[in-house]
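Read off the chains here:
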Amino acid sequence: MNDLPTPSRRPSLFAKVAEALRSEIESGSYAPGDKVPTESALIRKFGVSRTVVREALAVLRADGLLVSRQGSGVFVMGRKNEGHVLKLFTDETEKISDIIEELELRIGIEVEAAGLAAIRSSPAQEAEIHAQVNRFADLMNDGKPTDEADFSFHMAIATATNNVRFRAFLEHVGRRMIPRVKFRAEIGDRVALADRDKPILGEHRAIADAIFGRDPDQAREAMRRHLVTGVRRYRELGNHRNQICMTRLLDM
């Protein structure tokens, strides 16, 4: 019942940039092996922020059209058979059920990542996790969006596993793994968002404390609680949507 139709929304900025670049690749403007323009050049070309450009490039990497080469830049891979491209989080969705499924997949991966980080993290990696917790808190206190800091916190934990596959998974997912930004209009205004961020900050701190305490079992449990709570939040949002739809039907 979470898949009831909702009002259509305009494509996001990063989706527009991704589609523009996709069209250029498919039309032959960029051939396989070509290096795409730098982030700064794309920012000037499309008139968007660096975050938007990075998200657009992440979508195309996930689709198998681009590949990043350390120290060299981003290169065109060419169009692959869509049936062979792994797509997990790359399509925009307005379905609460899709968000819940994505969170459930993350539970299966990030719970173990937290446990490994508690065992393997270096002092520098712990410092990065700590920095992202503080950054989230500062943004929340300033009434600013926290989704980028949220993503960076999870990336810091994936890095602290010292298993590159965990980081590669989250890089594939990209900032789309923080879905609440899509639903700000439904979640509420800035005050409501600040109230919403407080429990998330507490969950982040619990995960970080368990990692710093070198307690893998507690770290896994704290991450599980964090993501399961996210599932519950979106189920509640889905129920809210259903109630609105039922009210509209009864008013017809």
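To keep things clear, this report deals only with the structure shown in the data block.

Considering the overall build of the chain
- Along its length, the chain carries 10 helices and two strands.
- Listing every helix and strand of the chain by position from the N terminus yields α-α-α-β-β-α-α-α-α-α-α-α.
- For the chain, the share of sequence-separated contacts (at least 6 apart) that also reach a separation of at least 24 residues comes to 72%.
- Within the structure as shown, the chain displays about 13300 Å² of accessible surface, and the carbon and sulfur contribution to it stands at 53%.

Quick notes on the packing of helix 1 (residues 13-27) against helix 3 (residues 50-62)
- Contact geometry of helix 1 with helix 3 gives a least axis separation of 8 Å together with a crossing angle of 55°. As judged from the angle between their axes, helix 1 and helix 3 are oblique. Crossing of helix 1 against helix 3: the hand is right-handed. Contacts from L13, F14, V17, A18, L21 and R22 in helix 1 reach V52, E55, A56, L57, V59 and L60 in helix 3.

So, the pattern of salt bridges
- Tallied over the full model, the rule gives 11 salt bridges.
- Linking R135 and E148 is a salt bridge whose minimum nitrogen-to-oxygen distance equals 3.8 Å. One end of the pair, R135, is in helix 5 (residues 123-141); the other, E148, is in helix 6 (residues 147-160), and 13 residues separate them in sequence.
- Among the residues examined, E148 registers a relative accessible area of 29% and is labelled partly exposed.
- We note a salt bridge from D217 to R220, for which the minimum N-O separation is 3.3 Å. In this pair, D217 and R220 both sit in helix 10 (residues 216-251), three residues apart, roughly one turn of the helix.
- Accessibility expressed as a relative area gives 57% for D217, which makes it exposed.
- One salt-bridge network, in which partners are shared between bridges, spans E39, R50 and R54.

Here's the deal with the packing of aromatic side chains
- Applying the stated criterion across every chain, the model contains zero aromatic pairs.
- In this structure, R69 is placed above the aromatic ring of F75, and the distance from its NZ or CZ to the ring centre is 4.4 Å.

What to know about the environment of S12
- Locating S12 in the fold gives a position in the segment before helix 1.
- Looking at S12, the relative accessible area reads 21%, which means it is partly exposed.

Some remarks on the environment of Y234
- Mapped onto the secondary structure, Y234 falls in helix 10.
- Judged by relative accessible area, Y234 falls into the buried class, the value being 5%.
- Expressed as a C-alpha distance, the spacing of Y234 and I100, which sit 134 residues apart in the sequence, is 6.8 Å.

Reading the values: rules and limits
Residues numbered from 1 in each chain as written. Predicted model: local features only at pLDDT ≥ 70, side-chain atom pairs only at ≥ 80, totals over all residues. Heavy atoms only, no water. Helix = DSSP H or I, 4+ residues; strand = E, 2+ residues; numbered from the N terminus. Contact = heavy atoms within 4.5 Å. Areas by Shrake-Rupley, 256 points an atom, 1.4 Å probe, with all protein chains shown as cover. Axes fitted to C-alpha atoms, helices over the stretch in contact; angles between N-to-C directions. Parallel < 35°, antiparallel > 145°, perpendicular 65-115°, else oblique. Left-handed = near helix turned anticlockwise from the far one by under 90°. Salt bridge = Lys/Arg side-chain N within 4 Å of Asp/Glu carboxyl O. Buried < 20%, exposed > 50% of the residue type's maximum accessible area, 1.4 Å probe, protein only. Phe/Tyr/Trp six-rings, centres within 6.5 Å; stacked < 30°, edge-to-face > 60°. Lys NZ or Arg CZ within 6 Å of the ring centre and 35° of its normal.

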